[in-house]
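Survey of secondary and tertiary structure
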Amino acid sequence: MITTALTFDELSTLMKQAAGVTVDARELEKAPDAPFTTLGLDSLGLLGIVGELENRYSVALPTDAERCKTPAEFVGLVNNALRTGV
């Protein structure tokens, strides 16, 4: 079981590295329910982030992870998977 949790700061970094989308972490924190599409991140970019997290933590994320619509939904799903190992 992993004790680390994904933060909006880390998500912002991953969005830049895996998808080439630059979003300030404070923007994600202020509007966690803003759709990824309005932030410039599409499902393919989110899939790249999912792959990076799976490699980093050696945990398979749920198959619907790349279908998350908002940063809050994605962070919640990832952190739940990291806590439970599922």
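Residues numbered from 1 in each chain as written. Predicted model: local features only at pLDDT ≥ 70, side-chain atom pairs only at ≥ 80, totals over all residues. Heavy atoms only, no water.

Some thoughts on the pattern of salt bridges
Where we set the bar: Basic side-chain nitrogens of Lys or Arg form a salt bridge, by our definition, when they fall within 4 Å of a carboxyl oxygen of Asp or Glu. Helical segments are the DSSP runs of H or I of at least four residues, strand segments are the runs of E of at least two, and each set is numbered from the N terminus. To sort residues, take the accessible area from a 1.4 Å probe on protein chains only and compare it with the maximum for the residue type: under 20% means buried, over 50% means exposed, and anything in between is partly exposed.
In total, this model carries two salt bridges according to the counting rule given. Here D24 makes a salt bridge to R26, at a shortest N to O gap of 2.8 Å. Residue R56 pairs with E52 through a salt bridge whose shortest N-O separation is 3.7 Å. Residue R56 and its partner E52 are both found in helix α4 (residues 43-57); the two are separated by four residues, about one turn of the helix. In this structure R56 comes out as partly exposed when scored by relative accessible area, which is 38%.

So, the environment of L11
Here L11 shows up in helix α1 (residues 8-19). Along the backbone, L11 and P71 are 60 residues apart, and their C-alpha atoms lie at a distance of 8.0 Å.

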